[in-house]
Structure formats: structure tokens, C-alpha cells
Amino acid sequence: VDSLTGFTLGAYTHVDDHKFTVDVDGVTECDYGMSVPGKGMPRSSGRGFGDLHITFEVDFPDTLTNAQKKAIREILVEESNDEL
């Protein structure tokens, strides 16, 4: 569900000891990558931090009941028709 609707990752502790979260909006596909500016490792120059790179692995259920399949189809078809 999260891969279709968006989610928040966190709270993480950065190497400089502050806490942060990462918001992911919209649909997330398997192997989708994103960068979070300024949340990576310290720069070798000593000026600030690099970007944190995240790659997502999306796991789907092995099986769905007929009722679950029907509900998903109804929701997704309804959404598609609303966008037309």
C-alpha cells in the first residue's frame, strides 16, 4: 500500500547526530532511487554534507484473495475513470 500512496521513512540519526525523516510522495516502483540533499556523508572539503542516495525494493504479496483482487480493481478502475 505504501508504494502506491506514499510514506515517511525515519526517524534517522544523521552522522552529525541530528534526527531527520524522508517523505516519499506518490507511487514508488521497485529499484526507484532518490537523493536527499545534504543528508549524506561529510564532504572531503569539510564544507557540508553530500547527498544521501536511497534505492527502494518493493515487495508484493505472494497471493491475494479473490475479494482483495476485486477491491483493488474497483479502486484503481474508479481512480482511472475519475482522471478522464
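Just above sits the structure.
These numbers come from a predicted model, not from an experiment.

Caption draft 1: Up close: the environment of Thr 55. Looking at the element boundaries, Thr 55 is found in strand β4 (residues 52-55). For Thr 55, a relative accessible area of 59% gives the class exposed. Here the alpha-carbon distance between Thr 55 and Glu 29, two residues 26 residues apart in the chain, equals 9.9 Å. Setting aside residues up to four positions removed in sequence, Thr 55 forms contacts with Asp 31, Tyr 32 and Gly 33.

Caption draft 2: The packing of aromatic side chains, seen in detail. A complete count under the given rule lists 3 aromatic pairs for this structure. Considering the side-chain rings of Phe 7 and Phe 56, the 5.8 Å spacing of their centres and the 80 degrees angle between planes classify their relative orientation as edge-to-face. Pair noted here: Phe 7 is in strand β1 (residues 7-13) and Phe 56 is in the loop between β4 and α2 (66-83), with a separation of 49 residues, a long-range link. Each member of the pair Phe 7 and Phe 56 is classed as buried. Each member of the aromatic cluster is reached from another via a ring pair, and the members are Phe 7, Tyr 32 and Phe 56.

Caption draft 3: Quick peek at the side chain of His 14. As for its position among the elements, His 14 is in the loop between β1 and β2 (19-24). Within the structure, His 14 has its side chain in polar contact with the side chain of Asp 16 (distance 3.0 Å). Aside from chain neighbours lying at most four places away, what touches His 14 is Phe 20, Gly 38, Lys 39, Gly 40 and Phe 49.

Cut-offs applied
Residues numbered from 1 in each chain as written. Predicted model: local features only at pLDDT ≥ 70, side-chain atom pairs only at ≥ 80, totals over all residues. Heavy atoms only, no water. Helix = DSSP H or I, 4+ residues; strand = E, 2+ residues; numbered from the N terminus. Buried < 20%, exposed > 50% of the residue type's maximum accessible area, 1.4 Å probe, protein only. Contact = heavy atoms within 4.5 Å. Phe/Tyr/Trp six-rings, centres within 6.5 Å; stacked < 30°, edge-to-face > 60°. Polar contact = N/O pair within 3.5 Å; in protein donor to acceptor, adjacent residues only side chain to side chain.

Nothing here speaks to function; it is geometry throughout.
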